[in-house]
Amino acid sequence: MVSIENLHKSFGKNQVLKGVDLSIKNGGIIAVLGPNGSGKTTLIKSVLGMVIPNKGTIKVQGENVKKNSNYRHYIDYLPQIANFPSNLKVKELIKMIKDLRKNTNNDQHLIELFKLQPFLDKKLGNLSGGTKQKVNIFLTFMFDSPLIILDEPTTGLDPISLIRLKNLIQEEKAKGKTILITSHIMSFVEEISDEIVFLLEGKIYFKGTITELKNKTNQQDFEHAIASILSENHA
Amino acid sequence: MLKILKYSFFDLIRSRWSYVYFAFYLLLGVVLLFLNNDLSKAVITLMNVIIVLVPLIGTIFGVMYYYNSKEFTELLLAQPLKRSSIFLGQYLGVAMSLSMSLILGLGIPFVFYGLFKSNAIWDFSLLLITGTFLTFIFTALAFNIALSNDNKIKGFGYAILLWLLLAIIYDGVFLMSLIFFEDYPLDKLSLIGTMLNPIDLSRTLILLKLDISALLGYTGAIFKQFFGTSFGLIISFIMLIIWVILPVMRIMFKSRKKDF
């Protein structure tokens, strides 16, 4: 699905990724974790081709991402901050993204799921933060791509929408898709992910299941296991 | 690219600022034409306004649009689209909507005034053509500045500085250098100096078209000799086109390497 080899990226003097090797197989939910500034978003954006690596190769479905835009047909991406042109209506934005990407039939179902019907004729500038995030999620799940990347998907959602999002993620997983998530909410990660990748100082510190992590760190719960990694390395 | 262009364009022509910009030109056109009987004076006043205002609005709007649509651009970047088509589409969307405000805002009052029957149609067309060129040039420069500066405040600062430099400071320095070196033959130098600044170039083109170059004295005569001919006119337009193409190429080059 995704294979990353020897990925290096620095912003000025700040070395963010220092040789990341990662291969993600088809199917399942993978959470990318790490302290602030560990390079989670940079890693994800490199896969999307938004950040251009200094060194290393990334392949998605066997296609090299460098100087290529076609492979993004395989990816649905949910960005961290949702901000859309304020003069467009929700309906028009949906139409536009459909126009840019083609193939979809999933939209009616999703509109009902997130109760977006009353907002379709409103301008995006007039929506609340949570509703914008719903639109954002909607746009992500509208297409049936094999890889879904979610960057902090829980931001600003009310509890009901959060439950719906979790169900949606599970549904997509059941279809055999690969889902890559970053989140700071550990309970969400623990509940949903099959495997975690822990980034620390630009390298992969741990890759495996949550149970393996607990065993490795001798901690009973997940949150403490993460905390123990951090305190060991920063104390 | 055409799809991005279409959506940026429609997004922009529905924004309040486009209407304000359009209404301003409409008002200006109406006032100058109907409260003033001298057409060539009206064109000169319009020229003075356009030469200063169009670059200013172009730079500010370009920078503002880029920064405002940053998150949306990121959303587009994750779609299967080429980077160059995203940025060119947005650039053309901004430049075209601004040009449309200009052309319609000034064009409508002129049409009502009876433009098609008057002799001023060529002066007026030239005015709109240079105005459109200036919009395209300065919007492209603004996109360049915004692409190179992630810091909004810095970006705005450089944009204003660029406008100030080309619209005002350049003239000052240019004049000073002419006075300073007045003992030397300056014909070529002043021609080249005019060609290198799109604002000066547009102003000279219009002034010479209006046949008031006699007011400019000896330099005017030289300029007339050059710009008045079709050769000079062609060279001038080529210069303006180069002024559009170079920044646009840099937009494409810069956007290919940028991290978002």
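One can find the structure itself at the top, above this paragraph.
Residues numbered from 1 in each chain as written. Chains lettered and ligands numbered in written order. Predicted model: local features only at pLDDT ≥ 70, side-chain atom pairs only at ≥ 80, totals over all residues. Heavy atoms only, no water.

## A look at the packing of helix α3 (residues 39–68) of chain B against helix α6 (residues 121–148) of chain B
Residues and elements named next belong to chain B. The interhelical angle for the contact between α3 and α6, taken along N-to-C directions, is 25°, at an axis separation of 7 Å. Between α3 and α6, the angle falls in the class roughly parallel. α3 and α6 meet at a crossing whose hand is right-handed. Here the residues of the contact of α3 with α6 sort into 19 nonpolar, 6 polar and 1 charged. (Axes fitted to C-alpha atoms, helices over the stretch in contact; angles between N-to-C directions. Helix = DSSP H or I, 4+ residues; strand = E, 2+ residues; numbered from the N terminus. Parallel < 35°, antiparallel > 145°, perpendicular 65-115°, else oblique. Left-handed = near helix turned anticlockwise from the far one by under 90°. Nonpolar A, V, L, I, M, F, W, Y, C, P; charged D, E, K, R; others polar.)

## Some points on the packing of helix α1 (residues 2–13) of chain B against helix α5 (residues 83–113) of chain B
Between two packed helices, both the angle of their axes relative to each other and the distance between the axes serve to describe the pair. Residues and elements named next belong to chain B. As a packed pair, α1 and α5 sit with axes 8 Å apart at the nearest point and diverge in direction by 40°. Relative to α5, the crossing made by α1 is right-handed. On the side of α1, the interface is formed by I4, L5, S8, F9, L12 and I13, while α5 contributes S85, I86, G89, Q90, L92, G93, V94, M96, S97 and M100. A per-class count over the contact of α1 with α5 returns 10 nonpolar, 6 polar and no charged. (Contact = heavy atoms within 4.5 Å.)

## Considerations on the nonpolar core
Membership of the largest hydrophobic core comes to 143 residues, with the highest contact counts inside it found for L93, L139 and I169 of chain A together with Y91 of chain B. Ranked by the residues each element gives to this core, the list is headed by α6 of chain B, at 16 residues. Y91 of chain B has contacts with F136, T139, A140, F143, V244, V248 and I251 of chain B, leaving out every residue within four places of it along the chain. In terms of nonpolar packing, the next biggest core, distinct from the first, is built from 14 residues, A31, F206, A225 and I226 of chain A among them. (Core = buried A, V, L, I, M, F, W, Y, C linked by side-chain atoms within 4.5 Å. Buried < 20%, exposed > 50% of the residue type's maximum accessible area, 1.4 Å probe, protein only.)

## Re the layout of surface pockets
The calculated volume of the largest pocket comes to roughly 620 Å³. As for the largest pocket, its lining consists of 26 residues, of which I52, K66, K67 and N68 of chain A together with R256 of chain B are closest to the centre. Secondary structure elements with two or more residues in the lining of the largest pocket: β4 (55–60) of chain A together with α5 and α11 (230–257) of chain B. Broken down by element, the residue count for the lining of the largest pocket peaks at 5 residues, all from α11 of chain B. Looking at the lining of the largest pocket residue by residue, the class counts come to 8 nonpolar, 10 polar and 8 charged. In this model, the second largest pocket occupies a volume close to 500 Å³. The wall of the second largest pocket is formed by 20 residues, among which S86 and N87 of chain A together with M64, Y65 and N68 of chain B lie closest to the centre. Listed by contribution, the elements that provide at least two residues to the lining of the second largest pocket are α1, α2 (16–34), α3 and α4 (70–77) of chain B. A per-class count over the lining of the second largest pocket returns 8 nonpolar, 6 polar and 6 charged. (1 Å grid on protein atoms, 1.4 Å probe; cavity = no way out; pocket = protein on both sides within 12 Å on 5 of 7 lines; lining within 4 Å. Points joined across faces, edges and corners; volume = space filled by probe spheres on them.)

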